[in-house]
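If you want the building blocks of each chain, they are given just below.
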Amino acid sequence: MKTGLVLEGGAMRATYTIGVLDVLMENNIKFDGIIGVSAGAVHGANYVSNQPGRGIRYYKKYASDKRFMSFSTLIKTGDIVGRDFCYYDIPWKLDIFDNDTFKSSPTEFYAVVCNVETGKSEYIRITDLKDPIQMEYLRASASMPLVSKMVEADGKKLLDGGMTDSIPLKAFQKMGYEKNVVVATRTDSYVKMEETPALSAIVYRKYPNFLQAIKERPKMYNDEKDYILSEEKKGNIFFIRPHEELKISRTDTSPEHLEAVYQIGRADAERIIDKLKDFLKDDKNENNDTSV
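Residues numbered from 1 in each chain as written. Predicted model: local features only at pLDDT ≥ 70, side-chain atom pairs only at ≥ 80, totals over all residues. Heavy atoms only, no water.

**Q** Explain the packing of helix H1 (residues 15-26) against helix H11 (residues 255-280) here, please?
**A** Each pair of packed helices can be summarised by the angle the axes make with each other and by the distance between the axes. Contact pair H1 / H11: the axes reach a minimum separation of 7 Å and the direction vectors enclose 40°. It follows from the interaxial angle that H1 and H11 lie oblique. The element H1 and its partner H11 pack so that their crossing is right-handed. The segment H1 lies against H11, with Thr15, Tyr16, Ile18, Gly19, Val20, Asp22, Val23, Leu24 and Glu26 engaging Leu258, Val261, Tyr262, Ile264, Gly265, Arg266, Asp268, Ala269, Glu270, Ile273 and Leu276. Class assignment for the residues of the contact of H1 with H11 results in 12 nonpolar, 3 polar and 5 charged. (Axes fitted to C-alpha atoms, helices over the stretch in contact; angles between N-to-C directions. Helix = DSSP H or I, 4+ residues; strand = E, 2+ residues; numbered from the N terminus. Parallel < 35°, antiparallel > 145°, perpendicular 65-115°, else oblique. Left-handed = near helix turned anticlockwise from the far one by under 90°. Contact = heavy atoms within 4.5 Å. Nonpolar A, V, L, I, M, F, W, Y, C, P; charged D, E, K, R; others polar.)

Set out below in structure tokens:
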């Protein structure tokens, strides 16, 4: 069976995911494929490049820098997350991303984006983040509506993949990944409530398909969560999620808050690591190698 890792987004809430992924990397757990949404895609790239510690390191060092994420950056550029600083200065100058390892990895890596014109998800295979178009696809996956400009790549207008497929387990299963680990950033009790998209209706008035996706997003998210829980009960997936509500907002850049959420992720992963290894173990592999 092809093994997959499915990563929800959540902006700074996904610091939880960094903690989980670091523990998995430290235990040499590998997957045939990884699919990430929004911040989940960003952190999933570090998994493919096998760089434990990198995500939390540069978050704590640079997240409070106004060039990273701030309303002043939003006012100046139209993007709350600094494009040049986050996607070009940090990975290629300040905290180097190991693109050679990323490119040579046998793990297939996908980022989920939302095509604003169609209102549908697209699942983009990314193989080389030195390719500016592929980096733009990764950036598009994490470009939150209303606080980000649309990202244009290959003639398409794109935004946050979480708008149309927040936890893409079904999509990965359809792509042939049969044994999946899902990492979410919300507790089981979380229910996404209906929103009144008044501002969205103005900003995206030329994109009716996208507006329809925004309207349907709460149902989409809740249905996906129900499906994941049902798949967990059947033993088809291994589901990792916070055991407590994460006390961090989507735009919180406090190093102390980031570290606290990261440690919750680490603790949750360390608690279940042996069960996870058992779940992923190939029954035919007598030496119990956790590489799958």
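Anyway, onward from the coordinates.
**Q** How do you make sense of the pattern of salt bridges when you look at a structure like this?
**A** In total, this model carries 19 salt bridges according to the counting rule given. We note a salt bridge from Arg57 to Asp95, for which the minimum N-O separation is 2.8 Å. In this pair, Arg57 is assigned in helix H3 (residues 54-62) and Asp95 in the loop between helix H5 (83-94) and helix H6 (99-104), connecting sequence segments 38 residues apart. Put simply, Glu108 and Arg125 hold a salt bridge, and the shortest N to O gap is 3.9 Å. (Salt bridge = Lys/Arg side-chain N within 4 Å of Asp/Glu carboxyl O.)

**Q** I would appreciate a short explanation of helix H7 (residues 132-141) in the present structure.
**A** Counting along an α-helix, one turn takes 3.6 residues, and residues three or four places apart therefore face a common direction. Counting buried positions along H7 gives 8 out of 10 residues, so the element sits mostly inside the fold. Here H7 has its buried residues at Gln134, Met135, Glu136, Tyr137, Leu138, Arg139, Ala140 and Ser141. Where H7 starts, the residue carrying a side-chain oxygen 2.9 Å from the main-chain nitrogen of Ile133 turns out to be Asp131. (Buried < 20%, exposed > 50% of the residue type's maximum accessible area, 1.4 Å probe, protein only. Polar contact = N/O pair within 3.5 Å; in protein donor to acceptor, adjacent residues only side chain to side chain.)

**Q** Any chance you could explain the pairing of strand E7 (residues 177-183) here in plain terms?
**A** Side-chain direction in a regular strand flips from residue to residue, so the side chains alternate between the two faces of the sheet. Summarising burial for E7: 6 of the 7 residues are buried, a large majority. Relative to E7, strand E1 (residues 2-7) runs parallel, the two sharing 6 bridges. In the strand pairing of E7, Leu7 is matched with Val183. By the bridge criterion, 4 bridges tie E7 to strand E8 (residues 237-240) in an arrangement that is parallel. Paired with Val183 across the bridge in E8 is Ile240. (Pairing = 2+ DSSP bridges.)

**Q** Explain a nonpolar patch on the surface here, please?
**A** Together, Leu146, Leu199, Ile202 and Val203 make up an exposed nonpolar region whose accessible area comes to about 360 Å². Turning to its location among the elements, Leu199 is positioned in helix H9 (residues 198-203). (Patch = residues over 30% accessible without salt bridge, like charges linked within 9 Å, V, L, I, M, F, W, Y side chains within 5 Å. Areas by Shrake-Rupley, 256 points an atom, 1.4 Å probe, with all protein chains shown as cover.)

**Q** Hey, could you run me through the packing of H3 against H5 in this one?
**A** Viewed as axis vectors pointing N to C, H3 and H5 meet at an angle of 115°, and their least axial separation amounts to 12 Å. Compared by their axis directions, H3 and H5 come out roughly perpendicular. Read as a crossing pair, H3 and H5 show a hand that is right-handed. When H3 is examined against H5, the residues Arg54, Tyr58 and Tyr62 are found in contact with a partner set consisting of Phe85, Ile90, Pro91 and Leu94.

**Q** Looking at this structure, how should I read the packing of aromatic side chains?
**A** Given two aromatic rings, their pairing is described by the distance between the two centres and the angle made by the two planes. Scanning the model with the defined rule gives 12 aromatic pairs in all. The interplanar angle of 80° and the centroid separation of 6.0 Å between the aromatic rings of Tyr110 and Phe172 together place this pair among those described as edge-to-face. Here Tyr110 is found in strand E3 (residues 108-115), whereas its partner Phe172 is found in helix H8 (residues 169-174), with 62 residues between them in sequence. Chaining the aromatic ring pairs together yields one cluster made of Trp92, Phe97, Phe102 and Phe109. Here the guanidinium or amino end of Arg186 rests over the ring plane of Tyr190, the centre of that ring lying 4.0 Å away. Against the face of Tyr221 rests Lys192, its NZ or CZ located 5.4 Å from the ring centre. (Phe/Tyr/Trp six-rings, centres within 6.5 Å; stacked < 30°, edge-to-face > 60°. Lys NZ or Arg CZ within 6 Å of the ring centre and 35° of its normal.)

**Q** Sorry if this is basic, but what is going on with the pairing of strand E4 (residues 120-125) here?
**A** Both E3 and E4 contribute to a ladder of 6 bridges, which runs antiparallel. Within E4, the residue paired with Ala111 across the bridge is Ile124. Connecting E3 to the antiparallel partner E4 that follows it, the hairpin turn spans 4 residues, and Gly119 within it adopts a positive phi of roughly 70°.

**Q** Hey, could you run me through the environment of Ser143 in this one?
**A** Mapped onto the elements of the fold, Ser143 is located in the loop between H7 and strand E5 (151-153). We classify Ser143 as buried; its relative accessible area is 4%. In sequence terms Ser143 and Val113 are 30 residues apart; their C-alpha atoms lie 9.0 Å from each other. Dropping the residues within four chain positions of it, Ser143 is found in contact with Ser148, Lys149, Val151, Leu159 and Asp160.

**Q** Explain unusual backbone geometry here, please?
**A** With a phi close to 55°, Asn28 is a non-glycine residue in the positive phi region. Locating Asn28 in the fold gives a position in the loop between H1 and strand E2 (33-37). In this structure, Leu146 takes a positive phi of about 75° despite not being glycine. Locating Leu146 in the fold gives a position in the loop between H7 and E5. With relative accessibility at 38%, the residue Leu146 sits in the partly exposed group.

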